[in-house]
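These are the residues of each chain, in order.
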Amino acid sequence: MTKSNRSQNLSVMITDIQGFTSQSSAFSRDEVLGLIRRHSQLMKPVINFYGGTIVKTVGDSFLCTFPSATDAVVCAIIIQLLLKEYNQKQVEDRKISLRVVINSGDISIEGHDIFGDAVNIASRMEGLDCFPGGTIGISETTYLLMNRNEITATKIGPKDLKGISNPVTVYIVPIEQQQLGKLPSNLLRLVEENVETPQGDSKIKKSLEEMSVKVEGFLRESGIGDKARDLGRTISSKMSEKKEFSLHSKEADLMKRLKSFGIDMGILLVALIILNTFWSVSRWIVFGRTTILYKQYISLSRAEQDGWRPDFSSGNNIYRRNAGLYEGIIDFNLKCPFLILWFYFALFWKLKSATPGQVFNGTAVRTLDGEELPWGIAFLRSAFFIFSILIFGIGAATFVLGGKKKTLYDSFCDTKVIELG
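Quick notes on the rules
Residues numbered from 1 in each chain as written. Predicted model: local features only at pLDDT ≥ 70, side-chain atom pairs only at ≥ 80, totals over all residues. Heavy atoms only, no water. Helix = DSSP H or I, 4+ residues; strand = E, 2+ residues; numbered from the N terminus. Buried < 20%, exposed > 50% of the residue type's maximum accessible area, 1.4 Å probe, protein only. Areas by Shrake-Rupley, 256 points an atom, 1.4 Å probe, with all protein chains shown as cover. Arc of directions from axis to C-beta. Contact = heavy atoms within 4.5 Å. Salt bridge = Lys/Arg side-chain N within 4 Å of Asp/Glu carboxyl O. Axes fitted to C-alpha atoms, helices over the stretch in contact; angles between N-to-C directions. Parallel < 35°, antiparallel > 145°, perpendicular 65-115°, else oblique. Left-handed = near helix turned anticlockwise from the far one by under 90°. Nonpolar A, V, L, I, M, F, W, Y, C, P; charged D, E, K, R; others polar. Patch = residues over 30% accessible without salt bridge, like charges linked within 9 Å, V, L, I, M, F, W, Y side chains within 5 Å.

A. How the structure looks around the overall build of the chain. Across its full length, the chain carries 15 helices and 15 strands. Within the span of the chain, comprising 421 residues, buried residues form 43% of the whole. About 22,500 Å² of surface is accessible on the chain, with carbon and sulfur atoms providing 55% of the total.

B. Expanded view of unusual backbone geometry. Positive phi outside glycine occurs at Ser 353, with the angle close to 65°. As for its placement among the helices and strands, Ser 353 is situated in the loop between helix H12 (338-351) and helix H13 (356-360). In this structure, Asp 414 is a non-glycine residue whose phi angle is positive, near 55°. Residue placement: Asp 414 occurs in the loop between helix H15 (408-413) and strand S15 (415-419). Accessibility expressed as a relative area gives 45% for Asp 414, which makes it partly exposed.

C. Highlighting helix H4 (residues 117-125). Three or more residues of H4 are buried, namely Ala 118, Val 119, Ile 121, Ala 122 and Met 125. Down the axis of H4, the sector holding all buried residues measures 160°, keeping them to one side. Against strand S1 (6-17), strand S4 (98-110), strand S5 (113-115), strand S6 (136-139) and strand S8 (168-172) lie the buried residues of H4.

D. The arrangement of the environment of Gly 376 in detail. Looking at the secondary structure, you find Gly 376 in helix H14 (residues 375-391). Placed 30 residues apart in sequence, Gly 376 and Ala 346 show a C-alpha to C-alpha distance of 9.2 Å.

E. Region of interest: the pattern of salt bridges. Tallying each qualifying case throughout the model produces six salt bridges. The salt bridge involving Arg 99 is made with Asp 16; its shortest N-O contact spans 3.1 Å. One end of the pair, Arg 99, is in strand S4; the other, Asp 16, is in strand S1, and 83 residues separate them in sequence. Of the two residues, Arg 99 and Asp 16, neither departs from the other in class, the shared state being buried. Arg 257 serves as the salt-bridge partner of Asp 410, at 2.5 Å between the closest nitrogen and oxygen. Here Asp 410, found in helix H15, pairs with Arg 257, found in helix H9 (residues 254-287); they are 153 residues apart in sequence, far enough to count as distant. This pair shows no difference in class: Asp 410 is buried, exactly as Arg 257 is. Overlapping salt bridges bring together Arg 257, Arg 381 and Asp 410 as one network.

F. Region of interest: the packing of H9 against H12. Viewed as axis vectors pointing N to C, H9 and H12 meet at an angle of 135°, and their least axial separation amounts to 12 Å. Our classification of the angle between H9 and H12 gives oblique. Considering only the axes of H9 and H12, their crossing is right-handed. For the pair H9 and H12, the contacting residues are Asp 264, Met 265, Ile 267, Leu 268 and Leu 272 in the first and Ile 340, Leu 341, Tyr 344 and Phe 345 in the second. When its residues are assigned to classes, the contact of H9 with H12 shows eight nonpolar, no polar and one charged.

G. The arrangement of a nonpolar patch on the surface in detail. Together, Trp 284, Ile 285, Val 286, Phe 287, Leu 325, Tyr 326, Ile 329 and Ile 330 make up a nonpolar patch on the protein surface, roughly 790 Å² of accessible area in all. For the nonpolar patch, the secondary structure elements donating two or more residues are H9 and helix H11 (325-335). Relative to the elements of secondary structure, Val 286 occurs in helix H9. Exposure remark for Val 286: the relative accessible area of 59% places this residue in the exposed category.

Take it as geometry only, folks, not as evidence of what the structure does.
Here it is as structure tokens:
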């Protein structure tokens, strides 16, 4: 919020832990701080997701605002369901019994604080006996503003509130009657893994650091890292050497060709592992989260309107975001890397007459006349090579064609693999 004074029509949410003072009286200072911290960790990700703004926290209480009354109430439902699951795993004196009240109306915003009758009414509703811990209470203004096709609320009636001139009609939102009645069993873990951090970019930084550690760990434990460095030095050295060949250069035998193919596949495998790991983080940074790992929406129709589709294949009842054109193209090519393979072989054959694997084994690809491959032949041979080997599985087999041993793609493209002197 800016420091200028203004007014705005918002929904105000106030939460507090029922009986927190008596509950925490037997706790040490660290235990009290730990309970408040856990309470905060469980609530913040949900409030942020629904567009809520945390105006301030005072001990065990939260004061939040929402542009949408529906989002405020749905957020409260999610929080109560989350705490219900959390409490099932706690001993009695560690359970959190949260009371949530919501009122909507015109609010004065001054600096980083809010004032006005709408805030005062929400504050007085918090003390009503009809809203014990574990419940959600809303005012009639919130009830009229929210989408009543998505949320079920039961009318309690008018209540006199201290300092408020007219009675306020209030409603209770019964958790058990909502379309969203329970959460997946792993919700608590998922929310805890996405706890908001003090700095906006620290979560991204942490994810990138974790990605780097995982990749380095994989390369180190598998030994691929050291082998790749040694292989890279050897290939780099050989690429800088000037190799001689002639029209009568000996054609490479099948074993050398298979060894070359194995090295190239190893290089591509490591590259794809690194690219996919990087993509899993950068995709979230550039395009946003791809899934909601628990039901953030009460209504399927609303989720679909916001660009999410249900995906129950994982058993977690998640919603998956519809990917855009560019995002979809990148994701498809990393999962099915035919285009990457095509360019890898074609570019090396055109620019260097050999892939890194072939350089390592002292072979190169040429036309039957001993010339470098034209662009068209390089890409044609690459396409035929990939489909004949990776799909048909017979491209590397030799056949007697025209009285000479040749692979299918060499015969089709009028090329040959020769040994360099």
